[in-house]
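# Survey of secondary and tertiary structure
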Amino acid sequence: MNAPLKIGIIGSGRMGITHHSIINTHPDVRVVATADPSMVINKLLAKYAGVRTHRTYEALLREGGLDAVLLCTPPAANHAILTAVRQHGLHAFVEKPFVLSATQGRELAASFSGAGLVNQVGYVNRFNDVFFQLRTLVSEGVFGRVHQFRSEMYSPTIVRQQKGEGWRASHANGGGAIYEMASHAIDLINFLFGKPDLVKGSSLTRVFSENVEDIVTSTFLYKTGLSGLLYTNWSDASYRKPANRIEVYGERGKAIADQHGLKIHLPEANEAHGLAAGWNQRSITDLSTPVPFYLRGNEFTRQLYDFVDAIRMNRNTRCTFSDAAATLEIVEAIFADWQNNKSELVA
Amino acid sequence: MIDRVVFGDNQFFGINHMSQDKASEQAKRFADLDRIFEVYGYAFEAGIRAVMLNSNDRALAICDRFRAMKSQLPPIAWYPSIPYPHKYAGLVAEKGMVGALQGLLFADGAGSALGKIAQGAMATLSFDAVRLMRMLVDQEMTIFRGLDVRVVFLQNIIVDLMLGFETPAPFIEYCSHIRKRYGAKPGLITQNLPLLHRRLVEWGIKDVVICSSINKIGYLMSPDRASYEAVIAQNHPADYQFMAMSTLASGAIPPTEAYAYINQLNIQSIVFGASSRANIEKTVASITGGGEAQ
């Protein structure tokens, strides 16, 4: 029996306390300390979670005694924090979108991997029962060569005029629909098909936010001939909660995946995979397998327990810093493409 | 004892785990309060006398009509659940954690009772977390004033978050507040029934209603169905009362099969939602038909 893994949590916002609660249920883990500037939150955590609380990450790292950290801070802060975490030789799980530049992301990926430190970014779709099943089917060639996809996300997150409060109100801090929402859809595309070779036809639209986009659309092209669309909107009040959907078309079949399940259409039956000719439906109730502890979705537990396993087994995670840096490259390509498109529209 | 059959509310608010289309369709249909009361009418005609309702943005209008129609309706036992999780999630997304907390506390203005206490607390940073919890509970519960409240459920997003922290204090405080202030039983909704049960036993918190997904295919049952069955089999209803939800696993299990499974478990209560007269009658018949022997 190993000594328990000692974990510190930096940032006790909504994701911070969610991850804190989940990882605290792992039998081999002890959450020993947290860092957050809010005295109100710290007071609650000291009293109800029995952890030592600090107001800065520097104080948390200085105190020592940790094996790993979970970082759930606004992304603009993450490069500096992760550099310090790396100097202290700690494994790190970071909430998406990780950092705000692909260059910084690649640099951190190289330094963590070079030091043999486990590194993971919280693109949680990679641990979702439906999307993981879709990836398995795509990689096993069930749809033959894939020609086309469409990745969509909708939510009622910002449905009123925003006054520009909080870190979410500006790009410089990592706010906006592209970092906060579209990044999930982009990462899912990378996870399924690899990083696109070319980004075209992008637009960023403001609806209710003052300084950042609420709608993101783009076209992704691959040297192999594969192409796909990204369409995300977080100001759509017709949705009660976030919805995530991807459609994949290949020469031997098609799949539509969302949080409710997987619909598969095959012109010919695929007996090895138990799929009939025509439409097949695999609902979330068929695809989901329970996790040891549930909070907000199986995938949240699975990704953190996988982080612990990766540390124990000294292996890579399902979403490394390098994977997240690739997603940031696409985010940057969308920004650049939109700048071009804007100038063309004005001219 | 709690009611064997409780009529839930998911069908009214566009909640369907299997289909977004079906959910939107239902939300459209029930935008009109008359249509909601038509369905409650079917439920009462089928013999149901217990209602579970989440404190969401339509709950006040629904409760107002129940209060206004009191003399025309049979006596109803109420099983509210609090809070409305999307309200909190939305606030956090817009304002961040501390901003959201302030938004909640000052929702009725700085001059309101809650606002005044909160203002003092924020200024001195010496606020009392227990008092804060009680204020938030009481604020949600104003929706249900004047109704015969039997159990007040805390939503699973809060229960399971606190459960992960493994600290008894919030559970003890919540349960004692519900008993004292409302003369009702505390209820806890969870997706981790075996773990919650184990902790409640360890912490000496008894006579609590535990509501959880319980179904034949083990959907949303963490860590697994066998652990649920073991805990349920060994329980004495004087210690804890179990209420099953998601018994059909969002429609994945046919009703006859689903309730044949549920009825042979040592479960005290079942909450279900349906919107047609036929489905409501059929469900009530399959639950009460085989379930009295415990």
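Residues numbered from 1 in each chain as written. Chains lettered and ligands numbered in written order. Predicted model: local features only at pLDDT ≥ 70, side-chain atom pairs only at ≥ 80, totals over all residues.

Across its full length, chain A holds ten helices and 14 strands. Computed over the C-alpha atoms, the radius of gyration of chain A is 21 Å, within 12% of the 20 Å expected from 2.2 N^0.38 for a compact globule of 347 residues. By its C-alpha atoms, chain A is 60 × 55 × 40 Å across when sized along the principal axes. In chain A, which comprises 347 residues, the proportion classed as buried is 51%. Excluding contacts between residues fewer than 6 apart, the proportion of contacts in chain A whose partners are at least 24 apart in sequence is 69%. (Helix = DSSP H or I, 4+ residues; strand = E, 2+ residues; numbered from the N terminus. Rg over C-alpha atoms; globule rule 2.2 N^0.38 Å. Buried ≥ 20, exposed ≤ 12 C-beta atoms within 10 Å, placed from the backbone. Contact = placed C-beta atoms within 7 Å.)

Below, the discussion takes up the UniProt feature "domain: Gfo/Idh/MocA-like oxidoreductase N-terminal" (unreviewed entry) in chain A. Per the UniProt record, the feature "domain: Gfo/Idh/MocA-like oxidoreductase N-terminal" (unreviewed entry) sits at residues 5–123 of chain A. Structurally, residues 5–123 of chain A is divided into 43% helix and 23% strand, and its ends, taken at the C-alpha atoms, are 23 Å apart. (UniProt positions renumbered as here; feature names shortened; annotations may be inferred.)

Residues and elements named next belong to chain A. For chain A, the assigned domains are domain 1 (5–123 + 298–319) and domain 2 (126–291 + 331–338). The C-alpha-based centres of domain 1 and domain 2 are spaced at 26 Å. Taken residue by residue, the interface counts 16 residues in domain 1 and 15 residues in domain 2. By residue number, the principal contributor to the side of domain 1 that touches domain 2 is helix 9 (residues 298–313), which donates six residues. (Domains from an automatic or database assignment.)

A few words now on the domain arrangement of chain B. Residue and element names in this part refer to chain B. The domain boundaries assigned to chain B delineate domain 1 (1–76 + 266–294), domain 2 (85–146) and domain 3 (149–246). Opposite the seven residues of domain 2 that make contact, domain 3 presents eight residues. Looking at the side of domain 2 that touches domain 3 residue by residue, the class counts come to six nonpolar, no polar and one charged. (Nonpolar A, V, L, I, M, F, W, Y, C, P; charged D, E, K, R; others polar.)

Quick look at the packing of helix 6 (residues 129–141) of chain B against helix 8 (residues 169–182) of chain B now. Residues and elements named next belong to chain B. Where helix 6 meets helix 8, the closest approach of the two axes is 11 Å, and the angle between their N-to-C directions is 50°. Overall, the two elements helix 6 and helix 8 adopt an arrangement that is oblique. Here helix 6 and helix 8 pass one another in a crossing that is right-handed. Together, Val-130, Met-133, Arg-134, Val-137 and Met-141 of helix 6 and Glu-173, Tyr-174, His-177 and Tyr-182 of helix 8 make up the contact between the two elements. Its residues assigned to classes, the contact of helix 6 with helix 8 comprises six nonpolar, one polar and two charged. (Axes fitted to C-alpha atoms, helices over the stretch in contact; angles between N-to-C directions. Parallel < 35°, antiparallel > 145°, perpendicular 65-115°, else oblique. Left-handed = near helix turned anticlockwise from the far one by under 90°.)

On to the environment of Ser-343 of chain A, then. All names here are of chain A. Mapped onto the fold, Ser-343 is located in helix 10 (residues 321–346). Here Ser-343 falls in the exposed class, since 9 other C-beta atoms lie within 10 Å of it. Sequence separation of Ser-343 and Ile-215 is 128 residues, and the distance between their C-alpha atoms is 19 Å.

Residue and element names in this part refer to chain B. Where helix 10 (residues 225–234) is concerned, the buried positions are Tyr-228, Val-231 and Ile-232. Looking down the long axis of helix 10, one finds its buried residues gathered within 95° of arc, a one-sided arrangement. Summarising the geometry of helix 10, the exposed residues directed more than 90 degrees from the buried face are Ala-226, Ala-230, Ala-233 and Gln-234. Along its buried surface, helix 10 packs onto helix 9 (193–202) and strand 7 (240–245). (Arc of directions from axis to C-beta.)

For the rest of this paragraph, the subject is the nonpolar core. Residue and element names in this part refer to chain A. Within the largest apolar cluster, 172 residues are counted, with the highest numbers of intra-cluster contacts made by Leu-71 and Ala-92. Here the element with the most residues in this core is helix 7 (residues 177–193); it accounts for twelve residues. Beyond its immediate sequence surroundings of up to four residues, Leu-71 is in contact with Ile-10, Gly-11, Asn-78, Ile-81, Leu-82, Ala-92, Phe-93, Val-94 and Glu-95. (Core = buried A, V, L, I, M, F, W, Y, C linked by C-beta atoms within 7 Å.)

This brings us to unusual backbone geometry. A cis amide bond links Lys-96 of chain A with the next residue in sequence, Pro-97 of chain A, at an omega value of 5°. Inspection of the secondary structure assignment puts Pro-97 of chain A in the loop between strand 5 (91–94) and helix 5 (102–114). The omega torsion of the bond from Ser-222 of chain B to Pro-223 of chain B falls at 5°, within 30 degrees of zero and hence cis. One non-glycine residue, Asp-207 of chain B, lies in the positive phi region at around 55°.

Moving on, we get to the interface of chain B and chain A. Every contact between the two is made by 37 residues of chain B and, on the other side, 35 residues of chain A. Elements represented by at least two residues in the side of chain B that touches chain A include exactly helix 4 (85–105), helix 7 (156–165) and helix 8 of chain B. A per-element tally of the side of chain B that touches chain A places helix 4 of chain B first, with eight residues. Tallied by class, residues from the side of chain B that touches chain A come to 19 nonpolar, 14 polar and four charged.

Take Asn-279 of chain B: it is sitting in helix 12 (residues 277–290). Along the primary structure Asn-279 of chain B and Ala-43 of chain B are separated by 236 residues, whereas in three dimensions their C-alpha atoms are 9.9 Å apart.

All names here are of chain A. Here eight strands make up an open sheet; going across it, the order is 8-9-10-7-11-12-13-14 and the pairing mixed. Each edge of the open sheet carries a strand with a single partner, namely strand 8 (198–205) and strand 14 (278–283). Averaged over neighbouring strand pairs, the angle between their axes works out to 10° when direction is ignored. Taken strand by strand, helix 6 (residues 129–139) contacts strand 7 (146–154), strand 11 (243–250), strand 12 (253–258) and strand 13 (261–266), and its axis lies near 165° from that of strand 12. Its contacts with the sheet put helix 7 on strand 7, strand 8, strand 9 (215–221), strand 10 (227–233) and strand 11, and the angle it makes with strand 7 is roughly 155°. (Pairing = 2+ DSSP bridges.)

Residues and elements named next belong to chain A. Direction vectors running N to C along helix 7 and helix 10 enclose 115°, while the axes themselves pass 9 Å from each other. Here helix 7 and helix 10 pass one another in a crossing that is right-handed. Facing helix 7, whose interface residues are Ile-178, Tyr-179, Ser-183, Ile-186, Asp-187 and Asn-190, helix 10 presents Asp-323, Ala-326, Thr-327, Ile-330, Val-331 and Ile-334. Grouping the constituent residues of the contact of helix 7 with helix 10 by class yields seven nonpolar, three polar and two charged.

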